[in-house]
Every structure is written in C-alpha cells, then in structure tokens.
Amino acid sequence: MIPFTYTINPARIVFGPGSLQQVATEVRNLGGTRALVLSTPFQKQDAEQLNATLGKLGAGVFSDAAMHTPVEVTERAMQVYQQTGADCVVALGGGSTIGLGKAIAYRNNALQVVVPTTYAGSEVTPILGQTENGVKTTVKDASVLPEVVIYDAELTLDLPVPMSVTSGLNAMAHAVEGLYAKDRNPITTILAYEGIRALKEALPIIVKAPQDVEARSQALYGSWLCGTVLGTVGMALHHKLCHTLGGSFDLPHAETHAIMLPHTAAYNQGAACDALAPIAELFGGDLGEGLHAFAESLGAPLSLKSLGLEESDLSAAADLAVKNPYWNPRPIERDALLALLQRAWNGDSPSA
Ligand code: NAD
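Procedures and definitions
Each chain has its residues counted from 1, following the order in which its sequence is written. The model is predicted, so local features are restricted to residues of pLDDT at least 70 and side-chain atom pairs to those at 80 or more, both for listing and for counting; the totals for chains, interfaces and linings are taken over all residues. Working from all heavy atoms in the structure, the side-chain values ignore hydrogens and water. Labels follow the DSSP assignment, with helices taken as runs of H or I lasting at least four residues and strands as runs of E lasting at least two, numbered in each case from the N terminus. Radius of gyration here is computed from C-alpha atoms only, and the compact-globule reference equals 2.2 Å multiplied by the residue count raised to the power 0.38. Type-normalised accessible area, obtained with a 1.4 Å probe on protein chains alone, sets the label of each residue: buried when under 20%, exposed when over 50%, and partly exposed for intermediate values. Contacts between residues were defined by any pair of non-hydrogen atoms, one from each residue, lying within 4.5 Å. We get accessible surface area from the Shrake-Rupley algorithm with a probe of 1.4 Å; when it comes to residues, only the shown protein chains can shield them. By the counting rule applied here, Lys and Arg register as positive and Asp and Glu as negative, while His and the ends of each chain are not counted. Charge placement uses NZ in Lys and CZ in Arg. For Asp and Glu, CG and CD serve respectively. Here, any two strands with at least 2 DSSP bridges between them count as paired. Angular values range over 0 to 180 degrees, each being the angle between N-to-C directions of two axes fitted as lines to C-alpha atoms, with helices fitted over their stretch in contact. Nearness here has a simple test: a residue counts as near a molecule or strand if at least one of its heavy atoms is within 4 Å of that partner. Between N or O atoms, a polar contact is any pair within 3.5 Å; within protein, one atom must be a potential hydrogen donor and the other a potential acceptor, and residues adjacent in sequence are included only when both atoms are from side chains. The nonpolar class holds Ala, Val, Leu, Ile, Met, Phe, Trp, Tyr, Cys and Pro. Asp, Glu, Lys and Arg form the charged class, and all remaining residues, Gly among them, are polar. Buried Ala, Val, Leu, Ile, Met, Phe, Trp, Tyr and Cys residues that are joined via side-chain atoms within 4.5 Å together make up what is termed a nonpolar core. Within this document, salt bridges are pairs made up of a side-chain nitrogen of Lys or Arg and a carboxyl oxygen of Asp or Glu, the two lying within 4 Å of each other. Arc definition: it is the arc formed by the directions from the helix axis to the C-beta atoms. Note on aromatic contacts: the rings of Phe and Tyr and the six-membered ring of Trp form a pair at centre separations within 6.5 Å, being stacked when their planes are under 30 degrees apart, edge-to-face when over 60 apart, and tilted otherwise. Clockwise travel from the first strand over the helix to the second, with the strands pointing away from the viewer, marks a crossover as right-handed.

Draft legend 1. Examining the overall build of the chain more closely. If you tally the helices and strands in the chain, you get 13 helices and eight strands. Expected size for 352 residues packed as a compact globule is a radius of gyration near 20 Å; at 20 Å, the chain falls within 12% of this value. When burial is assessed residue by residue, the chain has 54% of its 352 residues classed as buried. In the chain, the proportion of contacts linking residues at least 24 apart, taken out of those at least 6 apart, comes to 75%. With an accessible surface of roughly 14500 Å², the chain has 53% of that area assigned to carbon and sulfur atoms. Averaging the coordinates of the 22 positive side-chain charges in the chain and doing the same for the 34 negative ones gives two points 4 Å apart.

Draft legend 2. Expanded view of the sheet that holds strand E8 (residues 148–151). Taken together, the six strands give an open sheet; going across it, the order is E1-E8-E5-E4-E2-E3, and neighbouring strands pair in parallel fashion. Because the sheet does not close on itself, it has two edges, and the strands there are strand E1 (12–15) and strand E3 (58–62). Taking the axes of each pair of neighbouring strands and ignoring which way they run, one obtains an average angle of 20 degrees across the sheet. By the bridge criterion, six bridges tie strand E4 (residues 88–93) to strand E5 (residues 111–116) in an arrangement that is parallel.

Draft legend 3. Looking closely at the site of the ligand. Close to the ligand lie 23 residues; Thr40, Ser96, Thr117, Thr118 and Thr125 are nearest. In the environment of the ligand, an oxygen atom lies 2.6 Å from a nitrogen or oxygen atom belonging to the side chain of Ser96. Take Thr118: an N or O atom from its side chain is 2.6 Å from an oxygen atom of the ligand. Within the complex, 85% of the 870 Å² of free accessible area of the ligand lies under protein. A class-by-class count of the residues in the shell around the ligand yields nine nonpolar, eleven polar and three charged.

Draft legend 4. Highlighting the nonpolar core. Ranked by internal contacts, the top residues of the largest apolar core, which has 49 residues, are Leu169, Met172, Val176, Ile196, Leu276 and Leu287. Counting residues per element, the ones that place at least two in this core are E8, helix H5 (161–179), helix H6 (186–208), helix H7 (213–232), helix H9 (253–269), helix H10 (273–282) and helix H11 (287–297). With eight residues, the top contributor of residues to this core is H5. Those residues in contact with Leu276, other than ones at most four positions away along the chain, are Val176, Leu179, Tyr180, Ala265, Asn268, Gln269 and Leu287. With 22 residues, the next largest nonpolar core counts Ile259, Tyr267, Ala317 and Ala336 among its residues.

Draft legend 5. Summary view of unusual backbone geometry. Positioned with a positive phi, His68 is a non-glycine residue whose angle comes to about 70 degrees. With respect to the helices and strands, the residue His68 is situated in the loop between E3 and helix H3 (71–83).

Draft legend 6. Highlighting the pattern of salt bridges. Within the structure shown, the criterion is met by eight salt bridges. Linking Arg76 and Asp64 is a salt bridge whose minimum nitrogen-to-oxygen distance equals 2.8 Å. One end of the pair, Arg76, is in helix H3; the other, Asp64, is in the loop between E3 and H3, with twelve residues separating them in the sequence. Of the residues examined, Asp64 reaches a relative accessible area of 31% and is grouped as partly exposed. Sharing partners across several salt bridges, the network here consists of Asp64, Glu72 and Arg76.

Draft legend 7. Examining H10 more closely. Within the sequence span of H10, burial applies to Ala275, Leu276, Ile279 and Ala280. Projected onto a plane normal to the axis of H10, the buried residues spread over an arc of 120 degrees and lie on a single side. Exposed residues pointing more than 90 degrees away from the buried face of H10 are listed as Asp274 and Glu281. In this structure, the buried side of H10 is in contact with H5, H6, H9 and H11. Downstream of H10 by one or two residues, Gly284 has phi in the positive range, about 90 degrees.

Draft legend 8. Seen up close, the packing of aromatic side chains. Within the structure shown, the criterion is met by four aromatic pairs. For the ring pair Tyr151 and Trp224, a centre distance of 6.4 Å and an interplane angle of 45 degrees mean the geometry is tilted. With Tyr151 in strand E8 and Trp224 in helix H7, the pair connects residues that are 73 residues apart, well separated along the chain. With a relative accessible area of 0%, Tyr151 lands in the buried category. On the basis of an interplanar angle of 75 degrees and a centroid distance of 5.5 Å, the ring pair of Phe283 and Phe294 is categorised as edge-to-face. You can see Phe283 sitting in the loop between H10 and H11 and its partner Phe294 sitting in helix H11, a full eleven residues away along the chain. Under the relative-accessibility criterion, Phe283 is labelled buried at 9%. Linked through ring pairs, Phe15, Tyr151, Tyr221 and Trp224 together constitute an aromatic cluster.

Draft legend 9. Structural detail: the pairing of E5. By the criterion of burial, E5 is predominantly enclosed, with five of the six residues buried. This β-α-β element, E4 to helix H4 (residues 95–108) to E5, shows right-handed connectivity.

Have a look at this one:
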C-alpha cells in the first residue's frame with residue numbers, strides 16, 4: 001500500500017426523493033433563523049416556491065447566480081443578504097448557484113444548505129472559483145464547504161437530457177483524475193470507482209427515460225461520490241485543460257469536460273495503468289476508447305469544434321496548458337498535448 005494522509009471534509013448528507021421537504025428542518029438544526037434562497041434566473045420560480053414553503057425562515061430570493069461566480073454578482077447578493085437580515089443561505093441549483101452560496105460564505109461565514117440539481121459535484125468541495133474583470137481565481141478554504149447537502153432526485157427529473165449527460169461526464173472526470181491523483185488514498189479510490197460505476201449505469205437509462213427516479217437517484221449518488229473525490233485530492237491534466245479552455249476561450253463547463261475526458265484518460269492510461277485498471281475494465285479494456293464510445297452512445301458532444309472553438313486557437317491552448325501545469329502521472333509534453341487537442345477538436349476517437 002502507498003503511504004497517505006487523508007483529511008476528511010465534514011458534511012451532513014440528506015439523500016432521497018422528496019427530501020427537499022427537509023430544508024426547513026435542516027436550516028433550523030444548523031441554528032439558522034432566516035435563509036436567503038439562491039438560484040439562477042432560470043430557476044427563480046423554484047426558488048420562490050421554496051422560499052414560500054420556508055414561511056418565517058425564508059428571508060427572500062436572490063436569483064442572479066451566474067456561471068463562474070462573478071464578484072459583482074456576489075457583492076449584490078451580499079447586500080440583499082444584509083438587507084433581509086439573513087443568517088444563512090439555501091442554494092438551489094447547479095454549480096453556478098452553489099458557487100454563489102460559497103462566495104457569500106467565504107466573505108461572512110454564512111451557513112449553507114445546498115440542494116444540487118445537476119451532477120457537477122461542487123456542493124461537497126471546499127473549492128470556490130470566482131471571476132473579476134475577466135480573471136478567474138480559485139480558492140480552497142474550509143469556510144466555503146457547505147454544512148448540509150440535500151440530494152432530491154425529483155428535482156433533477158427535468159434536467160434536460162443533454163445537460164444530464166454532460167454534467168454526469170463532468171462528475172466522472174473528477175473521479176477518473178482522483179484514481180491517479182498523487183495524494184489519493186484507499187477511500188478516495190473506492191469512492192471514485194463507485195461513483196463512476198453508478199453514473200455509467202444511470203446515464204444510459206436517463207437518456208431513454210429522463211423521468212426514471214431510480215436512475216436519477218443513482219446519478220445523484222454517483223455525482224456525490226465523484227464530487228467528494230474532487231474535494232479531497234488534487235486534479236491533473238484533464239482539469240488543467242478544461243480550466244484553460246473554459247477560462248481563456250469561454251467554452252461551456254460541462255460540455256468541455258465531457259469532450260475532453262476520453263482524450264485525457266487516453267493520455268494518462270499508460271502512465272497510470274494500475275490505478276486506472278478497474279475502470280478500464282468497466283469500459284471494455286481501453287479506457288480512452290471506452291469512454292469515447294460511451295459518450296457517443298449517450299449523444300454527448302464529441303468535438304471542441306462543435307463548441308465554437310477555432311482550430312487556430314489550438315496552438316495557444318496547448319501553450320497555456322503547459323504553463324504552471326498541475327501534477328500529472330505522465331509528463332506534460334506540448335506536442336502530444338497539441339495532438340490531443342486536435343483530435344478533441346475534430347471529434348476523433350483518442351487513438352485516431
Ligand atoms: P450551472 O449551475 O451553470 O447550470 C446551468 C443551467 O442549468 C442554469 O441555468 C441552471 O439554472 C440550469 N439548471 C440547473 N439544474 C437544473 C434542473 N434540474 N433542471 C433544469 N435546469 C437546471 O451548471 P453546472 O454545470 O452545474 O455548474 C457549472 C459551474 O460550476 C461552473 O462555473 C464550474 O466552474 C462550477 N463548478 C465548481 C466546482 C467546485 O468544486 N468549485 C465543481 C464543479 C463545477
């Protein structure tokens with residue numbers, strides 16, 4: 001066994017269809033008396049409904065959460081938090097809304113109850129990404145880790161199938177990188193394998209039957225485990241490339257992860273052969289090819305070209321990705337990265 005050091009992130013998890021009804025109890029148990037409910041504009045109605053069900057515990061709704069947690073939005077939310085006399089937040093939504101709750105907690109230690117409605121996994125990480133004047137910075141701080149997470153699969157029944165697929169593959173990417181992380185430990189390896197297994201089983205069912213509560217529950221379970229891995233160990237080439245493509249070329253978060261995963265897994269599978277063996281087997285032997293075929297079978301986007309990236313940007317993307325690289329099991333070689341990016345841009349399979 002490899003030596004390891006493991007810091008466990010504390011969180012209370014409430015899991016099950018219908019568990020949205022537990023929000024008031026969980027807020028009270030935390031000692032909260034007025035909860036500001038957060039959402040994106042798209043989920044405003046759901047947030048207002050939740051606020052209404054909270055009665056006196058509901059301080060109101062702030063529904064301007066946006067991708068990449070702009071500091072300007074956080075500052076407006078902080079004003080509403082103060083004006084409404086809130087002493088905690090309830091974040092209802094995906095990574096963008098959860099990011100806003102974390103950004104508030106980072107500034108005033110607000111207690112957070114989070115109700116995730118995608119599979120991004122942010123709710124169980126102490127990581128906050130924020131943008132100011134177009135520059136994205138990331139902080140890792142215990143104060144941003146939500147205290148309570150409520151997983152209610154009924155809230156994900158209407159998550160559109162294309163988003164369900166890309167969000168699920170985004171979650172899998174956390175776990176794939178967790179399997180070969182330098183600071184992995186036996187528990188994160190178990191979580192990563194089980195998270196990938198659960199999502200691999202659930203996503204094909206969701207594509208055929210989006211309203212299948214059991215498959216939706218499996219997918220949320222998988223995303224919890226994958227998110228826990230993300231929050232515990234360091235990420236490598238895959239996350240570096242996705243952050244580069246998202247941050248410098250404005251590509252959408254989940255779709256970029258979904259497209260890049262087969263290629264980054266293929267890049268690392270020789271160097272991390274033993275660590276990846278159990279999931280390579282799950283995907284038919286060759287992990288990169290298996291993940292590519294899986295994504296294709298789900299109807300996921302396969303090419304960076306389809307996201308609007310210009311072919312002429314690939315060289316600059318490779319240059320950026322080799323700067324300040326994250327630790328990676330295989331050395332980061334610019335030419336090999338450029339070839340990888342070209343295949344991902346074309347939508348080719350990783351071994352093309
Ligand atoms: P998102 O939160 O941006 O959601 C995308 C859109 O889908 C929004 O309009 C949202 O309201 C809508 N939506 C969410 N759930 C829905 C549902 N069930 N039904 C219908 N519509 C729904 O997308 P995301 O992929 O969850 O989050 C991406 C963001 O999260 C990025 O900014 C990323 O950097 C961040 N993130 C952070 C971490 C972390 O640990 N800090 C981890 C993963 C992702």
